[in-house]
Amino acid sequence: MPDDSDSFRLRVVSEALRLFAEKGYEATTVDEIAEAAGISRRTFFRQFRAKEDVVFADHEILLAQAAEFLSAEHDDPWDAVCDAAMLVFERFSHWRDVARRRYAVVHAVPALRDREIVTVFRYERLFVEYLRDRLPGVSDLALVQFAALVTATHNYVLRRMVRDESAPTSQDLREVLSEVRATFRDGVPARPRTEDDVVVAVFARGTAPRRVAELIERRLNGDH
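Quick caveat: nothing in here was measured; it's all calculated off a predicted structure.

Reading guide: rules and limits
Residues numbered from 1 in each chain as written. Predicted model: local features only at pLDDT ≥ 70, side-chain atom pairs only at ≥ 80, totals over all residues. Heavy atoms only, no water. Helix = DSSP H or I, 4+ residues; strand = E, 2+ residues; numbered from the N terminus. Buried < 20%, exposed > 50% of the residue type's maximum accessible area, 1.4 Å probe, protein only. Contact = heavy atoms within 4.5 Å. Areas by Shrake-Rupley, 256 points an atom, 1.4 Å probe, with all protein chains shown as cover. Axes fitted to C-alpha atoms, helices over the stretch in contact; angles between N-to-C directions. Left-handed = near helix turned anticlockwise from the far one by under 90°. Nonpolar A, V, L, I, M, F, W, Y, C, P; charged D, E, K, R; others polar. Expected span 1.5 Å × (residues − 1). Core = buried A, V, L, I, M, F, W, Y, C linked by side-chain atoms within 4.5 Å. Salt bridge = Lys/Arg side-chain N within 4 Å of Asp/Glu carboxyl O. Phe/Tyr/Trp six-rings, centres within 6.5 Å; stacked < 30°, edge-to-face > 60°. Parallel < 35°, antiparallel > 145°, perpendicular 65-115°, else oblique.

Undergrad: Explain the overall build of the protein chain to me, please; I cannot follow it from the model alone.
TA: Each helix and strand counted, the protein chain has 11 helices and two strands in total. Overall, the protein chain shows an N-to-C arrangement of helices and strands of α-α-α-α-α-α-α-α-α-α-β-β-α. Relative to its full complement of 224 residues, the protein chain shows a buried share of 38%. Long-range pairs, those at least 24 residues apart, make up 68% of the contacts in the protein chain with a sequence separation of at least 6. For the protein chain, the exposed surface amounts to about 13200 Å²; the carbon and sulfur share of it is 51%.

Here's what the structure looks like:
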């Protein structure tokens, strides 16, 4: 749950997005946002560097919360990244009205769309840096692939929720992230099954079971 400082920032964000939706982003001034939120212009600038920062202030809160979550001890770093993505999604579920207003505003202002791309990448970078620290022996490419896949999956489900397309839930995201996790075995993306993965064995009648098992094991291991 957000602390008092976060609650304050979210209130300002909500008022700003309401004004952006009503008047347009460019036409809304900082003074109007401050007045709607019941704060002074000086207080506004103590919390936000610019009008643009208000639009993404909830992301700043969630990035900090995800980083705090990952800083704790976790048995499985891969699962921890999925759980961090779940945390972000569940917070946005509680702030759905804010997320919907921002979606409408951002998609009407090209400069904000560019800022959103950068903001989304920060989650991916957070996940990659965490995995690099916890799994130094794993291929860097695998870490980047996994973080990108988790982030893209989360963002896809979140956009559907914001657009209210069949209203996906946290459980829906958890299920698809479980599928993502299953594609990585010991840090290596599972490769698709090919004809080489199928073994057909023919043995003479009466071959000892131990000999059958030995030959099959050798073939599965790639020995000839």
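Right, picking up where we left off after that structure.
Undergrad: Honestly, the packing of helix H8 (residues 110-134) against helix H9 (residues 140-162) in this entry has me stumped. Any pointers?
TA: In contact at an axis separation of 9 Å, H8 and H9 are set at 140° when each is read in the N-to-C sense. Of the two elements, H8 crosses H9, and the hand of that crossing is right-handed. Here Val 120, Tyr 123, Glu 124, Phe 127, Val 128, Leu 131 and Arg 132 of H8 lie close against H9, whose contacting residues are Asp 140, Leu 143, Val 144, Phe 146, Ala 147, Ala 148, Val 150, Thr 151 and Asn 155. Residues belonging to the contact of H8 with H9 are distributed by class as follows: 11 nonpolar, two polar and three charged.

Undergrad: Quick question: what am I supposed to make of the side chain of Asp 58 here?
TA: As for its position among the elements, Asp 58 is in helix H5 (residues 57-71). When residues no more than four places from it in sequence are discounted, the contact partners of Asp 58 are Leu 10, Phe 92, Trp 95, Val 98 and Arg 102.

Undergrad: How do you make sense of H8 when you look at a structure like this?
TA: Since the α-helix advances by 3.6 residues per turn, residues separated by three or four positions end up pointing in the same direction. Over its 25 residues, H8 runs 37 Å from end to end, which matches the ideal 36 Å to within 8%, given 1.5 Å per residue. Every buried residue of H8 is accounted for by Leu 112, Arg 115, Thr 119, Tyr 123, Glu 124, Leu 126, Phe 127, Val 128, Tyr 130 and Leu 131. Buried-residue contacts for H8 involve helix H4 (51-55), H5, helix H6 (77-94), helix H7 (96-106) and H9.

Undergrad: Is there a simple way to explain the environment of Cys 82 in this structure?
TA: The residue Cys 82 is located in helix H6 in this model. Expressed as a C-alpha distance, the spacing of Cys 82 and Val 150, which sit 68 residues apart in the sequence, is 6.7 Å. Sequence-distant contacts of Cys 82, defined by excluding residues within four places in its chain, comprise Phe 146, Val 150, Leu 177 and Arg 181.

Undergrad: Where do I start with the nonpolar core in this structure?
TA: The nonpolar side chains of soluble globular proteins are, as a tendency, buried together. The biggest cluster of nonpolar side chains holds 63 residues, and the ones touching the most others in it are Phe 92, Phe 127, Phe 146 and Val 150. If you tally residues by element for this core, the top one is H6, at 11 residues. Leaving out residues up to four positions away in the same chain, Phe 92 has contacts with Asp 58, His 59, Leu 62, Ala 99, Arg 102, Tyr 123, Leu 158 and Met 161.

Undergrad: Help me understand the pattern of salt bridges in this model?
TA: When the charged atoms of two side chains with opposite charge come close together, those side chains can pair. Evaluated as defined, the whole model comprises 14 salt bridges. Residue Lys 23 pairs with Glu 32 through a salt bridge whose shortest N-O separation is 2.4 Å. Across the pair Asp 76 and Arg 181 runs a salt bridge, and its minimum N-O distance is 3.1 Å. Pair noted here: Asp 76 is in the loop between H5 and H6 and Arg 181 is in helix H10 (residues 170-182), with a separation of 105 residues, a long-range link. A residue is classified by how much of its surface remains accessible, and Arg 181, at 19% relative accessible area, is buried.

Undergrad: What exactly am I supposed to notice about the packing of aromatic side chains here?
TA: Each aromatic ring pair is specified by the distance between its two centres and by the angle formed by the two planes. On inspection of all chains with the given rule, the structure shows six aromatic pairs. Aromatic side chains Phe 44 and Phe 45 sit 5.2 Å apart centroid to centroid with 85° between the ring planes, which places their arrangement in the edge-to-face category. The class for Phe 44 is buried, based on a relative accessible area of 0%. A ring pair is formed by Phe 44 and Phe 48, whose centres lie 5.2 Å apart and whose planes are at 45°; its orientation type is tilted. Since its relative accessible area comes to 1%, Phe 48 is described here as buried. One aromatic cluster is present, built from ring pairs that chain together Phe 44, Phe 45 and Phe 48.

Undergrad: In this structure, what is going on with the packing of H6 against H9? I would like to understand it.
TA: Angle between the axes and distance between the axes are the two parameters that describe a pair of packed helices. Orientation of H6 relative to H9, taken along the N-to-C sense of each, is 20°, at an axis distance of 10 Å. By the criterion of interaxial angle, the relationship of H6 to H9 is roughly parallel. The handedness of the crossing between H6 and H9 is right-handed. Facing H6, whose interface residues are Trp 78, Val 81, Cys 82, Ala 85, Val 88, Phe 89, Phe 92 and Ser 93, H9 presents Ala 142, Leu 143, Phe 146, Val 150, His 154, Val 157, Leu 158 and Met 161. A class-by-class count of the residues in the contact of H6 with H9 yields 14 nonpolar, two polar and no charged.

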